[in-house]
Amino acid sequence: MIECHTSPERLHPRFIGDWEVLLTLRTTEFTELGHVGRLHDHTHRMGLRPAARTSTLTDHF
């Protein structure tokens, strides 16, 4: 089985620089049976990671 949704640890590099991660929420991993588009059983994890820019230099008006 493979994980098809990335973990917060793998997302971290996308939130560097002037981003501040405000909260990380995620479910435990769960298995979904094969279906059209992904024929084999596979692992999912759902989550939410709100972030905010900490720099005003990137604001666009």
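Cut-off values and rules
Residues numbered from 1 in each chain as written. Predicted model: local features only at pLDDT ≥ 70, side-chain atom pairs only at ≥ 80, totals over all residues. Heavy atoms only, no water. Salt bridge = Lys/Arg side-chain N within 4 Å of Asp/Glu carboxyl O. Helix = DSSP H or I, 4+ residues; strand = E, 2+ residues; numbered from the N terminus. Buried < 20%, exposed > 50% of the residue type's maximum accessible area, 1.4 Å probe, protein only. Polar contact = N/O pair within 3.5 Å; in protein donor to acceptor, adjacent residues only side chain to side chain. Patch = residues over 30% accessible without salt bridge, like charges linked within 9 Å, V, L, I, M, F, W, Y side chains within 5 Å. Areas by Shrake-Rupley, 256 points an atom, 1.4 Å probe, with all protein chains shown as cover.

S.K.: Mind showing me how you'd approach the pattern of salt bridges here?
M.R.: A pair can form between side chains of opposite charge whenever their charged atoms are brought close. Inspection of every chain in the model, using the stated rule, returns two salt bridges. Of the charged contacts in the structure, one is a salt bridge between Asp 18 and Arg 53, with a shortest N-O distance of 3.0 Å. Of this pair, Asp 18 sits in the loop between α1 (8-11) and β1 (19-21) while Arg 53 sits in strand β6 (residues 51-53), and the two are 35 residues apart along the sequence. A residue is classified by how much of its surface remains accessible, and Asp 18, at 16% relative accessible area, is buried. Here Arg 45 ties to Glu 29 by a salt bridge, and the two come within 2.6 Å at their closest N and O atoms. Of this pair, Arg 45 sits in the loop between β4 (42-44) and β5 (47-48) while Glu 29 sits in the loop between β2 (25-26) and β3 (30-32), and the two are 16 residues apart along the sequence. Among the residues examined, Glu 29 registers a relative accessible area of 45% and is labelled partly exposed.

S.K.: I'm lost on the environment of His 42 in this one. Help?
M.R.: Checked against the element boundaries, His 42 lands in strand β4. Expressed as a C-alpha distance, the spacing of His 42 and Phe 30, which sit 12 residues apart in the sequence, is 8.4 Å. Looking at His 42, its side chain comes within polar contact range of the side chain of His 35, at 3.4 Å. Reaching out from His 42, the side chain makes a polar contact with the side chain of His 44 at a distance of 3.1 Å.

S.K.: Just to check I follow, could you spell out a nonpolar patch on the surface for this structure?
M.R.: Taken together, the side chains of Leu 22, Leu 23, Leu 25 and Leu 48 make up a nonpolar region of the molecular surface, amounting to roughly 380 Å² of accessible area. Examined against the element boundaries, Leu 48 turns out to sit in strand β5.

S.K.: Looking at this structure, how should I read the environment of Asp 41?
M.R.: Looking at the secondary structure, you find Asp 41 in the loop between β3 and β4. Considered as a pair, Asp 41 and Thr 31 are 10 residues apart in the sequence and their alpha carbons are 6.7 Å apart. Within polar-contact distance, the side chain of Asp 41 engages the backbone nitrogen of Gly 34 at 3.1 Å.

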